[in-house]
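Notes for the structure review
Chain by chain, the residues run as shown.
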Amino acid sequence: MERFSASERLKMEYAQVSLRQQRIFNQSLAFPSASRLAPLVASRCAVRRPSDSLGAQWALHLSPFPQHLRPHWGASNKPHESKHPRRKCLSSRVVRPSPSRVDSASLSYEVFPFGPKEARAALLAEEEEGRYGEERRGPLTEPPGQDLSRRGLPAGPLPTRRPRPTREPAAKAIPGKWLPPGPWDQLRLPPWLVPLHYELELWPRLRPDEFSSPTLSFTGRVNITVRCAVATERLLLHSLFLDCESAEVRGPLSAGPPDGTEGRVPVDDVWSAFDMQYMVLELGGTLQPGSRYELQLRFSGLAYQDLREGLFFSVYTDQGERRALVASQMEPTFARSVFPCFDEPALKATFNITIIHHPSYVALSNMPKLGQSEKGDVNGSMWTVTTFSTTPHMPTYLVALAICDYDHISRTERGQEIRIWARKDAIANGNADFALNITGPIFSFLEELFNISYPLPKTDIVALPTFDNSAMENWGLLIFDESLLLMQPKDQVTDKKAVISFILSHEIGHQWFGNLVTMNWWNDVWLKEGFASYFEYGVINYFNPQFRTNEIFFSNILHPVLSEDHALVSRAVSLEAENFTETSEINYLFDFFTYKKGASLVRMLSSFLNENLFISALKSYLKTFSYSNAEQDDLWRHFQMVIDHQSKILLPAPVKSIMDSWTHHSGFPVITLNVSTGAMKQEPFYLEKVKNQTLLTHNDTWIVPILWIKNGITQSPVWLDKSSKIFPEMQVSDSDHDWVILNLNMTGYYRVNYDELGWKKLTQQLDKDPKAIPVIHRLQLMDDAFSLSKNNYTEIETALDLTKYLAEEDEIIVWHVVLENLVTKDLLFDVNNYDMYPLLKKYLLKRLISIWNRYSTVIRENVAALQDDSLALAALEKLFEAACWLGLEDCLQLSRELFKNWMKHPENEIPSPIKSVVLCNGVAFGTDEEWDFLLNMYANKTKEEERIQLAYAMSCSKDPWILHRYLEYAIIAGPFTFNETNIMEVVAESEVGRYIAKDFLVNNWQAVSVRYGTQSLLTLMHVIGRTISTDLQVTELQQFFGNMLEEHQRLTLHAKLQTIKNKNLENKERKARMTAWLRKNT
Ligand SMILES: [Zn+2]
């Protein structure tokens, strides 16, 4: 599964894109990837945690991981607030959890007189009415910079209206009864039964002329052949929101297929243990170990529109008509909401799937169509019954189906048919051609690389109109959001081809990593996601030898995860399965660490082996565990076998010891080299390290491969396998011209610090001949130096010294890192920086002019030339934003030109990479004419992403009355509803807007809290109070907000304001030092 689109990675996760942009992307592009949504239960439980400081808490928000799953949770961090309160509310309504699981006295124990599906519908209806908390009343209300919390916390579109079903289901919750403790309290299935085969029939009632309801009912039958491993009188299997209509158990079975003569084990009762999502069958007899049985279940359920959990349906427009389709998303734990099953990745089985659908639709599943017949329903309507061939041995999370009225294009690669299915318009326009052209070659490349043929006879790839910017690797039926698969004619200046190539490579990589060899359980999900993410780069590099793998890997993967992986607040890549207690925790695993850290660790592993060894070990692993499951240690064992059979590469320890030191630890080390002595040491990286303080969360050390260069020449690798070591070969003296850089090509997952002399040598080399240092290392030096200085590992002056050569820097990605660190958002939106601004302006403009001229010429003359330069596309916006902010006349001029042309010809879009900045400048330097024009455009746009972009741009005005009117429009009464984002926050973010918003709030706080909820007032406090640095300001804000907040919010107010103040004081000190440095060097 691919969670983040490559465009998102490039645009947003690259460094700290300006807050304004970040919010636009966060809200429009994809964090809440619904394919990874927790079950609804959990998704509604995603309670935003209030922030304690603007900066340091980011990581908390990024890593909403329950505390007990964090191996190195440090005392200096705020504990999480209570986990999923909503989940408890919900589960308690159906069946009270066992007392040990209840840890909050405030739960109300209602018991619904009906089953789980009804409970769900009722809950949704209540949620809609806002009964359970206020954060859902309005759009997003995170404090500034904290939108990223949504990365791990699922959220997503809810169906708009849901009827409350009244039918009494066959599988009942136990009303009013306490459940005794039992196996239903456990997250993992008891080992009583092993599923062997599923006969699954699904019948969603989708008709081409009838899809106005927000739900769609489906019925199904499943016969599961199981082998009994432990004698039992009770069966547990997963089932969520399904009504069981009937349940029978036949057996023991004789050797052949069931023929109706086998015995029967009576089923006395069927009930739902909702908390762990089980269906429980109480039997009137005992199943015998070694015997096979067949469970025969009939069930029904509801599919929701665009919910992306289990079975769902989407309504879209094609050929000018409204149409609907049904599709599925089972990973990780949604199969159980489509059919009762043994929903764990190691419980692989074969599947015979049958889909009943309207004759006007085509049905697709993992395997090729086997046959078709007709069937009448009770109303006399005819339906088509499509059966599919038997799947290979596979886990439930890979079961897939789609029922749609699509066209397709196809091609045969090595005798196997590849078809891409999409809206008829899209197919007719050739939008799927690019994807089809590259899919076959990617399959062939990976088949050859791993020397294992793709085992399925066909591949279908379906482009859904909305799939939340994600894609899913279901075996034989890959499902994509169409924005990640189809080229649009208007995709002039985007990196769309790169995006499609990345995501396709990722999902095709899963056909081996995940589908063929599956992790034993979700705790090792990085085994598939880390490798699939890593091989994206191998595939693309193979087809595009010009591809700048190191720089793009840095930009897409390494930089974002290093920025967030802090030993104290993040989690290890591989976790202990035993530590998981709730289903929703599985969803949290699809995060940064699984994907990006996973891929980074794989890359580091391949860097200290050679390519041959790396691939042979993987071949051996894939072959051994084909159609089966593996855990991390299995992988290391295969690497060890390969290493033991050669003598060229010598490792300081077994592969398992080396890699465990990385996969079982959160965070990463800072490696410091003293070039005068050759002494090297390692220590964990902490956010804002306190000088001379040792934190004891990391007793262990990492076993660190040190690949390095001296004077541009690659040296023999060494290992730092303890806390410190001396490497005489790394010494340089003050008098010679040598320089040393550790972490060749940034393949190691760590940051590097040097002593004063080491940094001085590098600064001198940059001043003398920057090109002697490869681009990736110029990036590295800037990124490491700024990050380390920000967190007290080195001085800010060290980082600033490195930037003196920048007039000679013609790589926009290096500039990007520098600008992200120098033209920060608090500088952009804070008038208190009046002393620093003119100095910075002078210092940067002198150096920036050459790179500016280069890119402004491209924008003016041939913007399409940027199309394939994803690094430039990712970095351009920051360059543009900074140049205009620094007052570069040519930038302002270009901005005006582009805006004016667009006003004259709105059909000629502003180049997308710089559109947000141009719109913002257009409004900031314009009058109400420009503003009204934007409002008009806003009214005519239907895409949320575009509306958010315009809503933000409108807040860029510097006219107090325009901003005030904007707030009136948004909150009190106006021509439009502005539902996409919280306009109060948007306005309050700008320097002028801060005062307007504050004033507006005084007079209208009741209207604001009605519109956005009282929770949003807390967020506003963060935004408005972001610059405070004195006690007087704290008191003033406290009084200001005190009247508006509720009692419990008031209690934490003071502490929060103090935290902001202290943080600002620290920043002030840093800024003062920067200002002093600039004064000296300008
Ligand atoms: Zn994936």
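Scroll up for the structure.
One structure accompanies this document, and this report is about it. (Residues numbered from 1 in each chain as written. Predicted model: local features only at pLDDT ≥ 70, side-chain atom pairs only at ≥ 80, totals over all residues. Heavy atoms only, no water.)

**Here's the deal with the packing of aromatic side chains**
- By the definition in use, this model includes 51 aromatic pairs.
- Centroid distance Y198 to F339: 5.8 Å. Interplanar angle 85°. Geometry classified as edge-to-face. One end of the pair, Y198, is in strand β1 (residues 193-204); the other, F339, is in the loop between β10 (321-329) and β11 (350-357), with 141 residues separating them in the sequence.
- A relative accessible area of 0% places Y198 in the buried class.
- Note on F1040 and F1041: the rings are 4.9 Å apart at their centroids and 85° apart in plane angle, and the pair reads as edge-to-face.
- Above the face of the Y995 ring, R994 is positioned so that its terminal group lies 4.9 Å from the ring centre.
- Between K998 and the ring centre of F1040, over which it is positioned, the NZ or CZ distance is 5.6 Å. (Phe/Tyr/Trp six-rings, centres within 6.5 Å; stacked < 30°, edge-to-face > 60°. Helix = DSSP H or I, 4+ residues; strand = E, 2+ residues; numbered from the N terminus. Buried < 20%, exposed > 50% of the residue type's maximum accessible area, 1.4 Å probe, protein only. Lys NZ or Arg CZ within 6 Å of the ring centre and 35° of its normal.)

**What about the pairing of strand β13 (residues 369-376)?**
- The pairing of β13 with strand β14 (residues 382-388) spans seven bridges and is antiparallel. Across the sheet, G376 pairs through a bridge with M382, a residue of β14.
- What sits between the antiparallel neighbours β13 and β14 is a turn of five residues, in which G380 has the positive phi angle 85°. (Pairing = 2+ DSSP bridges.)

**Side note on the nonpolar core**
- Counting 336 residues, the largest nonpolar core has F339, W512, I706, L742, F880 and F1041 as the members making the most contacts within it.
- Apart from the residues within four sequence positions on either side, F880 is in contact with W852, I859, C891, L894, S895, L898, I914, V917 and V918. (Core = buried A, V, L, I, M, F, W, Y, C linked by side-chain atoms within 4.5 Å. Contact = heavy atoms within 4.5 Å.)

**A closer look at helix α15 (residues 611-624)**
- Across its 14 residues, α15 extends 20 Å between first and last C-alpha, which sits within 8% of the 20 Å expected from 1.5 Å per residue.
- Listed as buried for α15 are L613, F614, I615, A617, L618, Y621 and L622.
- Taken together, the buried residues of α15 touch α9 (433-450), β21 (517-519), α11 (526-543), α14 (592-608), β22 (628-630) and α16 (632-644). (Expected span 1.5 Å × (residues − 1).)

**Quick word on the packing of α15 against α16**
- Packing of α15 against α16 leaves a shortest axis separation of 8 Å and a crossing angle of 130°. Relative to α16, the element α15 is oriented oblique. The chirality of how α15 crosses α16 is right-handed. Counting all contacts with α15, which are made through L613, F614, S616, A617, L618, S620, Y621 and T624, the residues of α16 involved are D634, L635, H638, F639, M641 and V642.
- The residue makeup of the contact of α15 with α16, split by class, is nine nonpolar, four polar and one charged. (Axes fitted to C-alpha atoms, helices over the stretch in contact; angles between N-to-C directions. Parallel < 35°, antiparallel > 145°, perpendicular 65-115°, else oblique. Left-handed = near helix turned anticlockwise from the far one by under 90°. Nonpolar A, V, L, I, M, F, W, Y, C, P; charged D, E, K, R; others polar.)

**A word on the pattern of salt bridges**
- Applying the stated criterion across every chain, the model contains 47 salt bridges.
- Where K878 meets E881, a salt bridge forms, and the shortest distance between an N and an O atom there is 2.9 Å. With K878 and E881 both in helix α24 (residues 870-885) and three residues apart, this pair spans about one turn of that helix. No difference in accessibility class separates K878 from E881, as the two residues are buried.
- Linked through salt bridges whose partners overlap, the residues forming this network are E321, R323, D405 and K424. (Salt bridge = Lys/Arg side-chain N within 4 Å of Asp/Glu carboxyl O.)

**Things to note about the sheet that holds strand β7 (residues 278-287)**
- Strand order in this open sheet of three strands is β3-β7-β6, and the pairing throughout is antiparallel. Edge positions in the sheet fall to β3 (232-238) and β6 (267-273), since each of these pairs with one other strand and no more. Mean inter-strand twist for the sheet, computed between neighbouring axes without regard to direction, equals 25°.
- Where β6 lies against β7, six bridges are found, and the strand directions are antiparallel. Each bridged residue has a counterpart across the sheet, and for S272 the counterpart in β7 is M279.

**Observations regarding the environment of T354**
- Along the chain, the position of T354 falls in strand β11.
- On the basis of relative accessibility, which here comes to 15%, the residue T354 falls in the buried class.
- Placed 47 residues apart in sequence, T354 and L401 show a C-alpha to C-alpha distance of 9.8 Å.
- Those residues in contact with T354, other than ones at most four positions away along the chain, are L200, E201, L202, V385, T386 and T387.

**Considering the pairing of strand β8 (residues 292-305)**
- Counted residue by residue, β8 has 11 buried out of 14 residues, so it is predominantly covered.
- As defined by bridge partners, strand β2 (residues 215-228) adjoins β8 across 13 bridges and the pair is classed as antiparallel. The partner of R221 across the bridge, within β8, is R298.
- Bridge analysis of strand β4 (residues 243-250) against β8 gives seven bridges, and the strand direction is antiparallel. Of the residues in β8, the one forming a bridge with V249 is L295.
- Both β8 and strand β9 (residues 310-318) contribute to a ladder of two bridges, which runs parallel. What sits directly across from Q305, in β9, is F313.

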